[in-house]
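Chain residues, written in single-letter form:
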Amino acid sequence: MAGPPETLPEAAADITAGPEPPGPMREFWHHYRQNRGAVVGLGFLVFLVLLALFADFVAPHPPDAQYRDAFLTPPVWQEGGSWRFPLGTDATGRDILSRIVFGSRYSLSIGFLVIVLSLLGGITIGLVAGFSGGWIDSLVMRLMDVLIAIPGLLLALVVVAIMGPGLFNAMFAIAIVYLPHFVRLTRAATLAELSRDYVTGSRVAGAGLPRLMFVTVLPNCMPPLIVQATLSFSTAVLDMAALGFLGMGAQPPTPEWGTMLADAREFILRAWWVVTFPGMAILLTVLAINLVGDGLRDVLDPKLKRS
Amino acid sequence: MTGEVVVAARDLCRYYTVGGGLFARGQILKAVDGASFTLRTGRTLAVVGESGCGKSTLARLVTMVERPSSGRLEICGTDPVGVDRETKRRLRRSVQIVFQDPYGSLNPRQKVATILAEPLVINTRKSARERREAVAAMMRRVGLRPELGRRYPHMFSGGQRQRIAVARALMLEPAVVVLDEPVSALDLSIQAQVLNLLEDLQAELGLAYLFISHDLSVVRYIADEIMVMYLGRPVEQGPREALFAEPLHPYTRALLAATPVADPRRRRRRDRSALGGETPSPIDPPSGCPFHPRCPLADARCRRERPEPLQRGDRQVACHAVEEGRGP
């Protein structure tokens, strides 16, 4: 019989330790660096964060200071522009560059808070649905299907209409719009992980439900969630600008980018710079975040990982 | 050290309802249907059978991941169904499991030291330092350097991972370890290392092994007793030597005949009882003896009447042909 005979080599007891393995962060950076677009995006994002943090020092004027001698001044390189207002002024004489710089604070913190809100909610609901199964699972998932079926901006408008316009309510509304995506992702990842042996192993070792959920399973569900969170960050900035444009988000004179666009609506034909520069700010930010999200997906998505 | 009964199962059954939906009634799948056995400290009971015969379900029952549908299971003299939390906790500690696939059985996001310490964190009040020491001691015991604890599981080879899995199972000093095909995912040379490790640990710690396998050559090497299962039912059970020397049940004979022989001079006379056909579906098992469609000895009684396990010397066989002395 072809079995392990009695004369087997002794178990190789000394397995060489080798050099210390690189830490997970260094390994991550090594892979992330391969994607040049992602690095550029990350660079721009860091620049934006710094801009937001030090807006008081960077911006040449306060965001809501009105200069009565300079309504609709064109940007510096155009006839009639001056270095006093590099990107021109709007209809009430406010410096557009300063408003964009201060507006980055709103856009970034809005994106961040929306993501944190829907990520927390989505992870909790998704884990509960995935672990409980049965009718709870069905009920939760059908509810999420209903939410997904409604166009995002429309849903956000409804929520804002119920709660009243304002920055925080708009953020809450957008968080609700994104919730189903996170719930579905978490649930799908949870179900995939639950069938794996290490979860059963933890169970046999006596792990309770909270431990199984948050210590055993959740860390293994994180990569797709991180990618989704980054990509949603950019759409959250966009949606917030849209709500602001519709007058349902940040209220004037807040220098939020979408609200700035809304204020500038009447002057689109007369003074192109009033709309163009806030629009460019939104565009570049969203582009940068998407590049970062793409890079993260390349590194974190196990299906794309080459190793 | 040997002799104390740690697991006793009587007529253990586990049924699943499969299919079915809102309006349709599901069908019943009898994954394990009446398994009885005892397991003593320091001994190895091997459960053998084709895939789908209920081996892994048996493992899930003994590890208390699932409850039996009927029948009685006693672990260290206590029935785990319907006991209070504290007793259940104690019982849980005494049965641990090692899985087949060393790539799926270790949490990929935790370092090895964390994986090994987890059972202690959950079940004991040991301080972080005591835990670290226990982990290091266990890693040495299974032949790994304690420094390797800082690595993640994907940095190890299959054999090393299986050592880690064994170490994890032993962290709580269990009385019983369920080994669910622990070496079938490994290379032959690594298999031998892991099997030797398991034997050494058993001798040292007086562990009882429930060794689930489909590989008879491995079973011959490690088992003390063997239980052959077919479609959720044990068909033959007995000591290793006797069972390998003289298999009684036609299914056992067929299994032994199907095991390849590496040595051409030792090749056995080709047994004509090699298996044909496929394993029937456990959802719709054949009438009477579930083995009769593939059995060379089947007659009218086998198609009608289900054989019950009968004691024959130190063995139990569930077969009408053996009972009536109808040999091949």
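Presented here is a report on the structure given in the accompanying data block.

Thresholds, definitions, all that
- Each chain carries its own residue numbering, running from 1 in the written order of its sequence.
- Ligands are numbered from 1 and chains lettered from A, in the order in which they are written.
- Given that the model is predicted, a residue must reach a pLDDT of at least 70 before its local features are reported, and side-chain atom pairs must reach 80 or more before they are shown or counted; all residues, however, enter totals for whole chains, interfaces and linings.
- Note that water and hydrogens are dropped before the side-chain values are worked out from all heavy atoms of the structure.
- Numbering of helices and strands runs from the N terminus; a helix is a DSSP stretch of H or I covering at least four residues, while a strand is a stretch of E covering at least two.
- All radius of gyration figures rest on C-alpha atoms, and the globule criterion is 2.2 Å times the number of residues raised to 0.38.
- We call a residue buried when its accessible area falls under 20% of the maximum for its residue type, exposed when it is over 50%, and partly exposed in between, using a 1.4 Å probe and counting protein chains only.
- Whether two residues are in contact is decided by their heavy atoms: any pair within 4.5 Å suffices.
- The charge count includes Lys and Arg as positive and Asp and Glu as negative, but it does not include His or the ends of the chains.
- For this purpose, a charge sits on NZ of Lys, CZ of Arg, CG of Asp or CD of Glu.
- Among the buried residues, those of types Ala, Val, Leu, Ile, Met, Phe, Trp, Tyr and Cys that are joined through side-chain atoms within 4.5 Å form a nonpolar core.
- At least two bridges found by DSSP between two strands is the condition for calling them paired.
- Note on geometry: axes are lines fitted to C-alpha atoms, helical ones only across the stretch in contact, with angles between N-to-C directions running from 0 to 180 degrees.
- Here roughly perpendicular refers to angles of 65 to 115 degrees, roughly parallel to angles under 35, roughly antiparallel to angles over 145, and oblique to all remaining angles.
- The hand of a helix crossing depends on one turn: near helix anticlockwise from the far one by less than a right angle means left-handed, and clockwise means right-handed.
- Classification convention: Asp, Glu, Lys, Arg as charged; Ala, Val, Leu, Ile, Met, Phe, Trp, Tyr, Cys, Pro as nonpolar; all other residues, Gly among them, as polar.
- Any carboxyl oxygen of Asp or Glu that lies within 4 Å of a side-chain nitrogen of Lys or Arg is treated as forming a salt bridge with it.
- Stacked, tilted and edge-to-face are the three classes applied to pairs of Phe, Tyr and Trp rings, where Trp contributes its six-membered ring and a pair requires centres within 6.5 Å; stacked means planes under 30 degrees apart, edge-to-face means over 60, and tilted covers the rest.

A tally of regular secondary structure across chain A gives 11 helices and 0 strands. Sequence-ordered secondary structure for chain A, helices as α and strands as β, is α-α-α-α-α-α-α-α-α-α-α. Since a compact globule built from 307 residues should have a radius of gyration of about 19 Å, the 25 Å found for chain A marks it as more spread out than a globular shape. In terms of principal-axis extent, the alpha carbons of chain A reach across some 100 × 50 × 25 Å. For chain A, the residues scored as buried account for 48% of the 307 residues in total. A separation of at least 24 residues holds for 69% of the contacts in chain A among residues at least 6 apart in sequence. The centroid of the 20 positive side-chain charges in chain A is displaced by 3 Å from the centroid of its 22 negative side-chain charges.

Before going further, it helps to examine the nonpolar core. Ranked by size, the top nonpolar core spans 67 residues in total, and within it Ile 96, Ile 100 and Val 114 of chain A carry the most contacts. Taken together, the elements giving at least two residues each to this core come down to helix H2 (36–53), helix H4 (96–132), helix H6 (152–163), helix H7 (167–194), helix H8 (197–204), helix H9 (209–245), helix H10 (257–263) and helix H11 (272–300) of chain A. Broken down by element, the residue count for this core peaks at 14 residues, all from H9 of chain A. Apart from residues lying up to four places away in sequence, Val 114 of chain A is in contact with Met 171, Ile 174, Ala 175, Tyr 178 and Ala 236 of chain A. Listed in part, the 62 residues of the second largest apolar core include Ala 117, Ala 165, Val 183 and Tyr 230 of chain B.

On to the sheet that holds strand E1 (residues 5–18) of chain B. Residues and elements named next belong to chain B. The 3 strands are arranged E2-E1-E4 in an open sheet whose pairing can be described as antiparallel. This sheet does not close on itself; its edge strands, each paired only once, are strand E2 (27–40) and strand E4 (70–75). Between one strand axis and the next, the sheet turns through 20° on average, direction left out of account. Two strands pair when backbone bridges link them, and E1 and E2 are joined in this way by 11 bridges, in the antiparallel orientation. Bridge pairing in E2 links Val 7 to Leu 39. Across the sheet, helix H1 (residues 55–62) touches E1, E2 and E4, and the angle it forms with E2 is around 65°.

Residue and element names in this part refer to chain A. Packing of H2 against H11 brings their axes to within 7 Å, and their N-to-C directions diverge by 130°. With respect to each other, H2 and H11 are oriented oblique. As for how H2 packs across H11, the hand of that crossing is left-handed. Where H2 abuts H11, its residues Gly 37, Ala 38, Gly 41, Leu 42, Phe 44, Leu 45 and Leu 48 lie against Leu 284, Thr 285, Ala 288, Ile 289, Leu 291, Val 292 and Gly 295. Of the residues in the contact of H2 with H11, the class split is 10 nonpolar, 4 polar and no charged.

Looking now at H8 of chain A. Since the α-helix turns once every 3.6 residues, residues separated by three or four places project in the same direction. Residues and elements named next belong to chain A. H8 sits mainly inside the fold: 6 of its 8 residues count as buried. When H8 is considered as a whole, its buried residues turn out to be Tyr 198, Val 199, Thr 200, Gly 201, Ser 202 and Val 204. Of the residues flanking the end of H8, it is Gly 206, one or two places downstream, whose phi is positive at about 100°.

As a further point, take the pattern of salt bridges. As enumerated under the stated definition, the model contains 25 salt bridges over all chains in all. Arg 233 of chain B serves as the salt-bridge partner of Asp 33 of chain B, at 3.9 Å between the closest nitrogen and oxygen. Taken together, the residues span a long stretch of sequence, with Asp 33 of chain B in strand E2 and Arg 233 of chain B in strand E9 (residues 233–239) at a distance of 200 residues. Arg 233 of chain B carries the same exposure label as Asp 33 of chain B, and that label is buried. Residues Glu 241 of chain B and Arg 240 of chain B are paired through a salt bridge, measuring 3.4 Å at the closest nitrogen-oxygen approach. Salt bridges here are not isolated pairs; linked through shared partners, they connect Asp 90, Arg 94 and Asp 263 of chain A.

We now examine the sheet that holds E9 of chain B. All names here are of chain B. Read from one edge to the other, the open sheet built from 8 strands follows the order E5-E6-E7-E3-E8-E9-E11-E10, with strand pairing classed as mixed. Every interior strand has two partners, whereas the edge strands, strand E5 (95–98) and strand E10 (310–312), have only one. Here the average twist between neighbouring strands, direction ignored, is 20°. Packing against the sheet, helix H6 (residues 188–205) makes contact with strand E3 (44–48), strand E6 (176–180) and strand E7 (208–213), and its axis sits at approximately 155° to E7. Strands in contact with helix H9 (residues 250–258) are E3, strand E8 (225–230) and E9; relative to E8, the strand with the most contacts, it is inclined by about 105°.

This next bit is on unusual backbone geometry. In the Ramachandran plot, Cys 76 of chain B falls in the positive-phi region, its phi being about 50° despite a non-glycine side chain. Residue classification places Cys 76 of chain B among the partly exposed residues on the basis of a relative accessible area of 35%.

Residue and element names in this part refer to chain A. Scanning all chains against the criterion turns up 11 aromatic pairs over all chains. Taking the centre distance of 5.7 Å and the plane angle of 25° together, the rings of Trp 29 and Tyr 32 count as stacked. On the criterion of helical spacing, the pair formed by Trp 29 and Tyr 32 is a turn pair, its members being 3 residues apart in helix H1 (residues 24–32). Accessibility expressed as a relative area gives 37% for Trp 29, which makes it partly exposed. A relative accessible area of 2% means that Tyr 32 is categorised as buried. Relative to Phe 47, the ring of Phe 44 lies with its centre 6.0 Å away and its plane at 45°, an arrangement referred to as tilted. Of this pair, Phe 44 and Phe 47 both sit in helix H2, 3 residues apart, which is roughly one turn of that helix. In this structure Phe 44 comes out as partly exposed when scored by relative accessible area, which is 24%.

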